[in-house]
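Residue-level listing of the chains:
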Amino acid sequence: MAYAITQTCCNDASCVSVCPVNCIHPTPDEPEFGRTDMLFIDPVACIDCGACADACPVDAVYPVDRLAGPDTVFGELNRDYYRDHPADHSWGAPTFPRSLPDDLGPLRIAIVGTGPSASYTAQSLLRTTGAEITMIDRLPVAGGLLRHGVAPDHQSTKRIAESFASVFHHPRLRVHLNVEIGKDLSHAELAAHHHAVVYAVGAATDRRLGLPGEDLPGSLPATTFVGWYNADPTVPAEAVDLSAERAVVVGNGNVAVDVARILLLDPDRLAATDIADHALAALRDSRVREVVLLARRGPEQAAWTRSEFLALQHLPGVELVVEDHPEVRAAIAAAPEGSKAALLAGLPLEHADGGEPPRPGRRIVLRFFAAPTELLGTGRVEGVRLGGTALVAGPDGPRAEPTGEHGTLRAGLVVRSIGYRGVPVPGLPFDAAAAAVPHRGGRVIDPETGRPLPGTYVVGWAKRGPSGGIGANRACAQETVEALLDDAAAGALPDSSGTRRELARLVRSRRPDAVGLKQLRAIDRAERALGEAAGRPRVKFATLPALLAAGRR
């Protein structure tokens, strides 16, 4: 019986490299890699060896005959992919790990960030070179997106952190956490102690709506909401108020789906995860019964991935409905098999009075062809004024234009989830339009000269903008590492006068409460011990003082 890849696929292609018959696609060498929602196993070519299941870092691979309930659809999705993509399981040219000249001497490389892109970069460098690695993060705990971005009910996705465990136990790694570049240390100071610096700082903020009332209490960005339920120590426990019966999420990407799901999921199911204690307590007392996902465009342009939407359809005790609209009906009726609009077939189409409280029960409402024009309220959010939209052809695909129709939706919580944005790093160039660091193949570029800044590199969302999931960072990191090693072999890296010991002294003088590997491991042990006592993976410390105190213990 063939194997199939399911919802939690991380796209890092660990399974591709171990498949003996090359039946998992798209591979990193194929144009579609990173553009599909997940990877797919050809059921005809699969020989049922199970190598992919053993290699998968997020337990996303199962025998088709063991899929049950809502997961059975993933057997069909894997099979259907090859209906539209004729199978070619021939092998490409072999590739071999890079190596550096023996006379080059040991490299010292700093990586700013500790999330997936940083970890993939460190992992590659530690495995293929003798480099000494220093990882730096502004927070006193490592993990980045894995710790503070992945929804708590996606524990299998978080298991990819186990594949990075060896990085944080490697003898050639040092860490300085609770240290911010641009505040505690400058880029120039960091560069003076290393031959190369790789920035893996992600995209730390949200895009704004630019609407009247956007700054009212009760209106918040998705980064705040996600950080709140994931125990980000920079987000206060009281940041989210769940006293309203209806919440509106502006956007319909995977993060928007996460927000809607967490708001309505049974708290008893979340109690077995690593959700922040303050968020779990608030969700137990929550009055939210209805979540409306607003989208300017139609069903076919929805930004969620198919796997995340399929999971949304099967939330126990939560009804999924579509706001009735002529264009929505037309899109569903004309939707080809396998399209995003076709996923809505069979869901109830309803028209609700947005000025009235939601009806009894819990439900998620998908509302297309609607855009917020103003957030209403005196003292805090009380509603959203909506404008109707229609699709018109544009050079980059269909775009939404106002139709002049208006309506009001009563709501006490509004979460904007319309995309993340990178923020400038002091000492580095920044492309405001792309919200990323300008680069060429991972080499940071001086926009005035068009030339690479010697020894300065970028990876992850800071490099390519906020696109692609966790696994996409593996190929992204490999490209940057290849550029760095090419420069090292060519003698193009700058000399480094500072030493590791001198850097450690400088960090202690600027930030006495910096966290090292010993303290990081103490925090991890303490959280896991609390989790074991409560029947949970871990209980996260949610404030800076609590994290630092755990590190000292």
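This write-up is about the structure you can find in this document. (Residues numbered from 1 in each chain as written. Predicted model: local features only at pLDDT ≥ 70, side-chain atom pairs only at ≥ 80, totals over all residues. Heavy atoms only, no water.)

Details of the nonpolar core
Piece 1. Counting 127 residues, the largest nonpolar core has I5, I24, I133, M135, I364 and L366 as its most contacted members.
Piece 2. Excluding its chain neighbours within four sequence positions, the residues that come into contact with I24 are I5, C15, V16, C19, L39, F40, I41, C52 and Y82.
Piece 3. Membership of the second largest hydrophobic core comes to 16 residues, among which are V250, L294, L375 and L409. (Core = buried A, V, L, I, M, F, W, Y, C linked by side-chain atoms within 4.5 Å. Buried < 20%, exposed > 50% of the residue type's maximum accessible area, 1.4 Å probe, protein only. Contact = heavy atoms within 4.5 Å.)

Here's the deal with the sheet that holds strand β19 (residues 413–416)
Piece 1. Strand order in the open sheet formed by seven strands is β10-β19-β11-β12-β15-β13-β14, and the pairing between neighbours is parallel. Each having just a single partner strand, β10 (219–221) and β14 (349–350) make up the two edges of the open sheet.
Piece 2. Alignment of strand β13 (residues 318–323) against strand β15 (residues 362–367), held across five bridges, turns out to be parallel. Bridged to V322 within β15 is L366.
Piece 3. Sitting on the sheet, helix α9 (residues 222–229) touches β10 and β19, and the angle it makes with β10 is about 80 degrees. (Pairing = 2+ DSSP bridges. Helix = DSSP H or I, 4+ residues; strand = E, 2+ residues; numbered from the N terminus. Axes fitted to C-alpha atoms, helices over the stretch in contact; angles between N-to-C directions.)

Some details on the packing of aromatic side chains
Piece 1. For the structure on display, the rule yields eight aromatic pairs.
Piece 2. With 4.3 Å between their ring centres and 10 degrees between their planes, F40 and Y81 make a pair best called stacked. Of this pair, F40 sits in strand β3 (residues 40–41) while Y81 sits in helix α3 (residues 73–84), and the two are 41 residues apart along the sequence.
Piece 3. F40 gets classed as buried once you look at its relative accessible area, which sits at 9%. (Phe/Tyr/Trp six-rings, centres within 6.5 Å; stacked < 30°, edge-to-face > 60°.)

Some words on the pairing of strand β17 (residues 383–392)
A regular strand carries its side chains on alternate faces of the sheet.
Piece 1. Note that strand β16 (residues 370–376) and β17 share six bridges and pair antiparallel. Looking across to β17, one finds that P372 is bridged to L386.
Piece 2. Linking β16 back to β17 in an antiparallel pair, the connection comprises six residues, with G377 at a positive phi of about 150 degrees.
Piece 3. Judged from the nine bridges that link them, β17 and strand β18 (residues 399–410) form a sheet pairing that is antiparallel. Directly across from A390, in β18, lies its bridge partner E401.

Points about unusual backbone geometry
Piece 1. Residue H25 is joined to P26 through a cis peptide bond whose omega torsion reads -5 degrees.
Piece 2. Assignment of secondary structure puts P26 in the loop between β2 (24–25) and β3.
Piece 3. Positive phi, normally seen in glycine, also occurs at D48, with a value near 65 degrees.
Piece 4. Within the secondary structure, D48 is located in the loop between β3 and α2 (51–55).
Piece 5. Note on D48: relative accessible area 37%, which makes it partly exposed.
Piece 6. If you check the backbone angles, D59 has positive phi at about 55 degrees while not being a glycine.
Piece 7. The topology assignment puts D59 in the loop between α2 and β4 (61–63).
Piece 8. Accessibility expressed as a relative area gives 34% for D59, which makes it partly exposed.

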